[in-house]
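Structural overview
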Amino acid sequence: RFSHPLVGELEVPEGMDAEAFLQRKVRTLQKAVKRQVEHYFGEANWARDTYLQESADAQGFVDAALVAEFERLRNLTTDLDFIVDTVSDSTVVEVSACGRRLRRRAAAA
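What this report covers is the structure whose coordinates are included nearby. If you're wondering where the values come from, they're calculated on a predicted model, not measured in any experiment.

Things to note about the pattern of salt bridges
Summed over all chains, the structure comprises four salt bridges. Asp89 is paired through a salt bridge with Lys34; the nearest N and O atoms lie 3.0 Å apart. Note that Asp89 is positioned in the loop between helix H6 (80-87) and strand S4 (93-95) and Lys34 in helix H1 (residues 18-41), a separation of 55 residues in sequence. According to the relative accessible area criterion, Asp89 is exposed, its value standing at 54%. Under the relative-accessibility criterion, Lys34 is labelled partly exposed at 22%. Between Asp57 and Arg101 there is a salt bridge, and its shortest N-O distance comes to 2.4 Å. On the criterion of sequence distance, the pair formed by Asp57 in the loop between helix H3 (50-55) and strand S3 (62-63) and Arg101 in strand S5 (residues 101-104) is long-range, its members being 44 residues apart.

So, in C-alpha cells, the structure goes:
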C-alpha cells in the first residue's frame, strides 16, 4: 500500500509490480481527464455552454485553471500541470504557448 499525489492511496495486488500498477492507474486517469476536457471543448458541449464561451478571450482561449474548477474534472484531479500535459496532444483542445490556457482546435482555424 502506498500513496501517490495523482491517484491517491493505492493497494497493489499481491504479485503485481508496484511501478507497473501505478503506471496503469496514471494512464487510466490521463484518459479520463482528456475525455472530460475534450467533452467541455467538443462541438456539442461548446455550442450550448455559454459560460465557457463567455470565459474565452478574443482568441478563444479559456484559462485552464477555470476549467480545472469544473466539478467533473475536479473530481478526477486538481493538478493543473497534469491536466495541461494530458491534453497537449489532443485533436480537440489546443494548449496556449504559455501552457495555461486552452481552446477548441476548431477556433484556431
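Remarks on the side chain of Thr86
Looking at where Thr86 falls in the secondary structure, it is placed in helix H6. Leave out the neighbours within four places in its chain, and Thr86 touches Gln30, Val33 and Lys34.

What counts and how
Residues numbered from 1 in each chain as written. Predicted model: local features only at pLDDT ≥ 70, side-chain atom pairs only at ≥ 80, totals over all residues. Heavy atoms only, no water. Salt bridge = Lys/Arg side-chain N within 4 Å of Asp/Glu carboxyl O. Helix = DSSP H or I, 4+ residues; strand = E, 2+ residues; numbered from the N terminus. Buried < 20%, exposed > 50% of the residue type's maximum accessible area, 1.4 Å probe, protein only. Contact = heavy atoms within 4.5 Å.

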